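Analysis of the macromolecular model
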Amino acid sequence: MFRTALAPAAVRRTALAARSRNFHTSPAASKSATEKVAEVADKVNKSVGRTLASAIEKGEEATESTKQAIGTTATKAKETSNETASKAKEASNVAAQKANQTTAGAREGAKDFKHDVQKEARK
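These remarks concern the structure in this document. (Residues numbered from 1 in each chain as written. Predicted model: local features only at pLDDT ≥ 70, side-chain atom pairs only at ≥ 80, totals over all residues. Heavy atoms only, no water.)

Assigned secondary structure in the protein consists of three helices and zero strands. Its helices and strands in sequence order give the protein the pattern α-α-α, from N to C terminus. Looking at the 123 residues of the protein, the share that counts as buried comes to 1%. On the protein, roughly 11,300 Å² of surface is accessible, and the fraction owed to carbon and sulfur atoms is 59%. (Helix = DSSP H or I, 4+ residues; strand = E, 2+ residues; numbered from the N terminus. Buried < 20%, exposed > 50% of the residue type's maximum accessible area, 1.4 Å probe, protein only. Areas by Shrake-Rupley, 256 points an atom, 1.4 Å probe, with all protein chains shown as cover.)

Right under this line is the structure:
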């Protein structure tokens, strides 16, 4: 080793070249296990992120459509309620008028009956 250090630079390069072994490397083989794991984890993370983002978007769309459906249903229910209330009020008014007519008819009938009784009593 001491001789190599003192030897001229050209000799040292030749000695080093003779001792080193050349390996054929590919891009996949040049990555360490840690780098490979990190790369796979990154791909999985991005894939999961895209899937979750898609699921969140679908959930938001479902929420919006539900809100719209509820709003439409509430509006229809309110309209139906108003129609039912107006029909009930109208029916109540009709019943009240009929009750008044019946009362008036009963009074008139009682008056006529009293008048007929008085006529018969005079005879």
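Let us now look at the pattern of salt bridges. Applying the stated criterion to the full structure yields two salt bridges. When the shortest N-O distance is used, the salt bridge between lysine 67 and glutamate 64 registers 4.0 Å. One end of the pair is lysine 67 and the other is glutamate 64, both in helix 3 (residues 33-122) and three residues apart, which spans about a single turn. Given the relative accessible area of 52%, lysine 67 is considered exposed. The exposure class of glutamate 64 is partly exposed, given its relative accessible area of 42%. (Salt bridge = Lys/Arg side-chain N within 4 Å of Asp/Glu carboxyl O.)

Let us look at a nonpolar patch on the surface. Judged by side-chain polarity, Val40, Val44, Val48 and Leu52 come together as a nonpolar surface patch covering roughly 350 Å² of accessible area. The topology assignment puts leucine 52 in helix 3. (Patch = residues over 30% accessible without salt bridge, like charges linked within 9 Å, V, L, I, M, F, W, Y side chains within 5 Å.)

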